[in-house]
Amino acid sequence: MLDDPLPARLARIAATVLAWLLLTPAPSQAAAPASYAREREAFVHEMAARHGFERAELRALMQGARYRQAIVDAMDRPYEGKSWGAYRALFVTPERIAGGRRFRVEHAALLRQAERTYGVPAEVIVAILGIETNYGATLGQYPVLDALTTLGFAYPRRAAFFRKELEAFLLLAREEAIDPSSTRGSYAGALGLPQFIPSSYRAYAVDFDGDGRRDLWHSEADVIGSVGAYLAEHGWRRGEPIASPATLHGPLEDGLEVGGKRPLVPRLSVAELKAAGVEPDRALAPNARAALIELDAGEPEYWVVLENFYAITRYNHSNLYALAAYELSRAIAGLDR
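Criteria and thresholds
- Residues numbered from 1 in each chain as written.
- Predicted model: local features only at pLDDT ≥ 70, side-chain atom pairs only at ≥ 80, totals over all residues.
- Heavy atoms only, no water.
- Axes fitted to C-alpha atoms, helices over the stretch in contact; angles between N-to-C directions.
- Helix = DSSP H or I, 4+ residues; strand = E, 2+ residues; numbered from the N terminus.
- Left-handed = near helix turned anticlockwise from the far one by under 90°.
- Contact = heavy atoms within 4.5 Å.
- Nonpolar A, V, L, I, M, F, W, Y, C, P; charged D, E, K, R; others polar.
- Core = buried A, V, L, I, M, F, W, Y, C linked by side-chain atoms within 4.5 Å.
- Buried < 20%, exposed > 50% of the residue type's maximum accessible area, 1.4 Å probe, protein only.
- Expected span 1.5 Å × (residues − 1).
- 1 Å grid on protein atoms, 1.4 Å probe; cavity = no way out; pocket = protein on both sides within 12 Å on 5 of 7 lines; lining within 4 Å.
- Points joined across faces, edges and corners; volume = space filled by probe spheres on them.

Student: Break down the packing of helix H9 (residues 144-154) against helix H10 (residues 159-176) for me, with residues and values.
Tutor: Contact geometry of H9 with H10 gives a least axis separation of 7 Å together with a crossing angle of 145°. Crossing handedness for the pair H9 and H10: left-handed. On the side of H9, the interface is formed by Val144, Leu145, Leu148, Thr149, Leu151, Gly152 and Phe153, while H10 contributes Ala159, Phe162, Arg163, Glu165, Leu166, Phe169 and Leu170. When its residues are assigned to classes, the contact of H9 with H10 shows 10 nonpolar, two polar and two charged.

Student: Give me the lowdown on the nonpolar core, citing residues and values where you can.
Tutor: Membership of the largest hydrophobic core comes to 89 residues, with the highest contact counts inside it found for Met62, Leu170, Tyr201, Leu231 and Ile312. In terms of residue count, helix H15 (residues 319-332) provides more of this core than any other element does, 10 residues in total. In this view, Leu231 contacts Val120, Val124, Ile128, Trp236, Ala311, Ile312 and Tyr315; residues no more than four positions away in its chain are not counted. Listed in part, the 12 residues of the second largest apolar core include Ala276, Ala290, Val304 and Leu306.

Student: Just give me the short version of helix H2 (residues 34-51), but keep the residues and values in it.
Tutor: Taking 1.5 Å of rise per residue, the 18 residues of H2 would be expected to cover 26 Å, and the 26 Å separating its terminal C-alpha atoms lies within 8% of that figure. Three or more residues of H2 are buried, namely Ser35, Tyr36, Arg40, Phe43, Val44, Met47 and Ala48. Trailing H2 by a residue or two, Gly52 shows a phi angle of about 75°, which is positive.

Student: Which residues make up the layout of surface pockets, and what values go with them?
Tutor: Reported here for the largest pocket is a volume of approximately 1,400 Å³. Among the elements of the structure, helix H4 (69-75), helix H5 (84-91), helix H8 (122-133) and H10 are those that each provide at least two residues to the lining of the largest pocket. Broken down by class, the residue content of the lining of the largest pocket amounts to 21 nonpolar, 11 polar and seven charged. A volume near 280 Å³ is recorded for the second largest pocket. In terms of lining residues, the second largest pocket is bounded by Glu80, Lys261, Arg262, Pro263, Val265, Tyr310, Arg314, Asn316, His317 and Ser318.

In short, the description is geometric, and any link to function would need to be established separately.
Structure, rendered in structure tokens:
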């Protein structure tokens, strides 16, 4: 009523607004699609039949998982969608360089052991940990069950992949005595300091400290050894270079494949690239297998990338990621680009 006292009208307005806020879900709390509960139940039956999980226990565990719209939103705006200049600015920073140097000093013995065992330089292992979790400072805020059920049951574009990762996570939890209900990770379900997805954890993590477990959260030895083992398993070549900035001498030859953000398998020799007008800024073996990539840093940057660069892209299938890891590793080691 218009003749109500002002305080009473304001109180009613505030109550109406409060009720609207309470009844309106936030974007990250959007209702789960119908597929979520349906696929969750089907998954319980599959895991019980395929791997011998007790159906009632697994159902109780899975019913504790929650659909999270924020995870879907994050999947649709990955860092790798940025330009090279913007991506580099996120990861090759004075803070991460300093943090990497400290980590390298603190864990020098383990890094030397990993380098002897797998051939991967200490600074490369450290740089990957710097990009993935800032040396363990940011291990991920999402319950892994929420992430993998959301993406496996309600993200059609990649549901099959994440459903397999959910299967791998539950098997990993059983094998390594991990509590799946309390484990947190990235929005894509990546785990521990090196952010291994569950299938990679099962396949490539190593017990580098010999205690009978592969612990990528609390064992610096397992973390360092596992990054080295992963790269070695994906083609790392001991003692060989990774990449070199390049200069073009005139227009590129027709038909010469030039990569962008997506990795290219190194198929040409350095000598063939030179013959096509591509000059690496550093000395490289003429017969080394290489590829040419062009990235946007405000103006085009050209790089000759080699087999060790391609091995890094097996960790994250992005030239932006591999080049950031390379540049951060060089900075940690006190070397030029």
